[in-house]
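# Architecture and fold: a report
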Amino acid sequence: MAQTHLWFTELQNDNLTIGLRIEKTIHSEKTEYQQLDVYKTVQYGNLLVLDGCIMTTDKDEFVYHEMLAHVPLHTHPNPKSVLVVGGGDGGIIREVIKHPSVERAVLAEIDGRVVEASKKYFPHIASGLSDPRVDVQIVDGIRYVEEHPNEFDVILIDSTDPVGPAVGLFQRPFYESVFRALKEDGLMAAQTESPFINQDLIRQVYGDVRATFPVAKLYLAYVPTYPTGMWSFTLGSKKYRPQDVSEVRVHDTKYYNREIHHASLALPNFVKELVGE
Ligand code: SPD
């Protein structure tokens, strides 16, 4: 096939872009909440974009989804009841249900169109959404968390970037409400952007999580299509520490394993400084 001259460009901040050559636009719509586009790219397969920001691609999605799910899920000794806030593409749910202890996994996604688009254009990412343990709720995740105190072992926050509908998911009242929605030994993890270009956000979120939970830990993974590639996740826990994980229960992964679990907790000095470690 002749090479196209079409490019998708994400403006990552005022001074930085990432460009992916595209073969064609597969889908484009304005949902009730955001602009939703799906492109076929040459390098990364299908690409899901919300409000101009890359959410996931066929080829590198496994890094982010495995790391946001398995580091916290292995930190809990017996996760049975799990809530995913956001994550309408289903990638986190797919990883959650790999844990045999999980009896119930709720997905609280505000935009039902993301779920539908993912089922159609990213079937391998959305594959877990039809599992009988999964309950897909098209609701405001912030409100859902407020209305379900003391219910979950693990809560995973797979938000979009901190603009538009996701802003509230990066604020202290939300983490306090997540604390209340967790059982007495529960824990949470959230995606918290790039240590290279979102330093104020990481400082603020980490500070809020540390003020809310007895245990707080930032960890890292490398996602080629996310701004700068280096990506952070913040874990808050009432009891268990990710440093104490000695065995891994899930093995059908492409990125996560026991060594990666521990390596992801090791922070470069400039990131340690950000979180005061
Ligand atoms: N800038 C990328 C941030 C994307 C975080 N959420 C991705 C959703 C994938 N399930």
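Going by what an unreviewed UniProt entry lists, the protein is known as Polyamine aminopropyltransferase and is assigned to Alicyclobacillus vulcanalis. Under the Catalytic activity (unreviewed entry) heading, UniProt states for the protein: "S-adenosyl 3-(methylsulfanyl)propylamine + putrescine = S-methyl-5'-thioadenosine + spermidine + H(+)". According to UniProt, the comment filed for the protein under the heading Sequence similarities (unreviewed entry) is "Belongs to the spermidine/spermine synthase family."

## With respect to the sheet that holds strand S8 (residues 134-138)
Pairing is mixed in the open sheet, where seven strands are placed in the order S8-S7-S6-S9-S10-S12-S11. Single-partner strands in this sheet number two, and they are S8 and strand S11 (215-222). Taking each pair of neighbouring strands and ignoring which way they run, the sheet shows an average axis angle of 15°. Pairing geometry for strand S6 (residues 81-86) and strand S9 (residues 152-158), over five bridges, is parallel. Directly across from Leu 83, in S9, lies its bridge partner Ile 155. Sitting on the sheet, helix H6 (residues 172-181) touches S6, S9 and strand S10 (182-191), and the angle it makes with S10 is about 140°.

## Remarks on the sheet that holds strand S3 (residues 35-41)
Taken together, the five strands give an open sheet; going across it, the order is S1-S2-S3-S4-S5, and neighbouring strands pair in antiparallel fashion. Of all the strands in the sheet, just strand S1 (7-13) and strand S5 (53-57) have a single pairing partner and so form its edges. Ignoring which end each strand starts from, the neighbouring axes of this sheet average 45° apart. Sheet analysis places strand S4 (residues 46-50) next to S5, joined by four bridges and oriented antiparallel. By the bridge assignment, Val 49 is partnered in S5 with Ile 54.

## Regarding the domain arrangement of the protein
When the parts come together, some accessible area is lost, and that loss is often what is quoted as the size of the interface. Split by domain assignment, the protein resolves into domain 1 (6-55) and domain 2 (61-275). Taking the mean C-alpha position of each, domain 1 and domain 2 sit 23 Å from one another. Each side of the interface is counted separately: domain 1 has 22 residues, and domain 2 has 17 residues. At the junction of domain 1 with domain 2, the criterion picks out one salt bridge. Glu 29 is the partner of Arg 113 in a salt bridge, and the nearest nitrogen-oxygen pair spans 2.8 Å. At the junction of domain 1 and domain 2, the tally comes to six residue pairs in polar contact (both at pLDDT 80 or more).

## Focus on the site of the ligand
Near the ligand you find Ile 54, Met 55, Tyr 64, His 65, Asp 89, Asp 158, Ser 159, Asp 161, Gln 191, Tyr 226, Pro 227 and Trp 231, and these make up its full shell. With respect to the ligand, the side chain of Asp 158 contributes an N or O atom lying 2.7 Å from a nitrogen atom. Relative to its unbound accessible area of 340 Å², the ligand is 98% covered by the protein chains. A per-class count over the shell around the ligand returns six nonpolar, three polar and three charged.

## Things to note about the nonpolar core
Counting 44 residues, the largest nonpolar core has Tyr 64, Ile 92, Val 96, Leu 156, Tyr 219 and Phe 233 as its most contacted members. Sort the elements by how many residues they give to this core and helix H1 (residues 61-75) lands first, with eight residues. The residue makeup of this core includes at least three contributed by each of domain 1 (6-55) and domain 2 (61-275). Not counting residues within four places of it along the chain, the set of residues in contact with Tyr 64 comprises Ile 92, Asp 158, Ser 159, Gln 191, Val 223, Tyr 226, Trp 231 and Phe 233. Within the second largest apolar cluster, 33 residues are counted, among which are Leu 83, Leu 169, Phe 174 and Met 188.

Rules used in this analysis
- Residues numbered from 1 in each chain as written.
- Predicted model: local features only at pLDDT ≥ 70, side-chain atom pairs only at ≥ 80, totals over all residues.
- Heavy atoms only, no water.
- UniProt positions renumbered as here; feature names shortened; annotations may be inferred.
- Pairing = 2+ DSSP bridges.
- Helix = DSSP H or I, 4+ residues; strand = E, 2+ residues; numbered from the N terminus.
- Axes fitted to C-alpha atoms, helices over the stretch in contact; angles between N-to-C directions.
- Contact = heavy atoms within 4.5 Å.
- Domains from an automatic or database assignment.
- Salt bridge = Lys/Arg side-chain N within 4 Å of Asp/Glu carboxyl O.
- Polar contact = N/O pair within 3.5 Å; in protein donor to acceptor, adjacent residues only side chain to side chain.
- Near = heavy atom within 4 Å.
- Areas by Shrake-Rupley, 256 points an atom, 1.4 Å probe, with all protein chains shown as cover.
- Nonpolar A, V, L, I, M, F, W, Y, C, P; charged D, E, K, R; others polar.
- Core = buried A, V, L, I, M, F, W, Y, C linked by side-chain atoms within 4.5 Å.
- Buried < 20%, exposed > 50% of the residue type's maximum accessible area, 1.4 Å probe, protein only.

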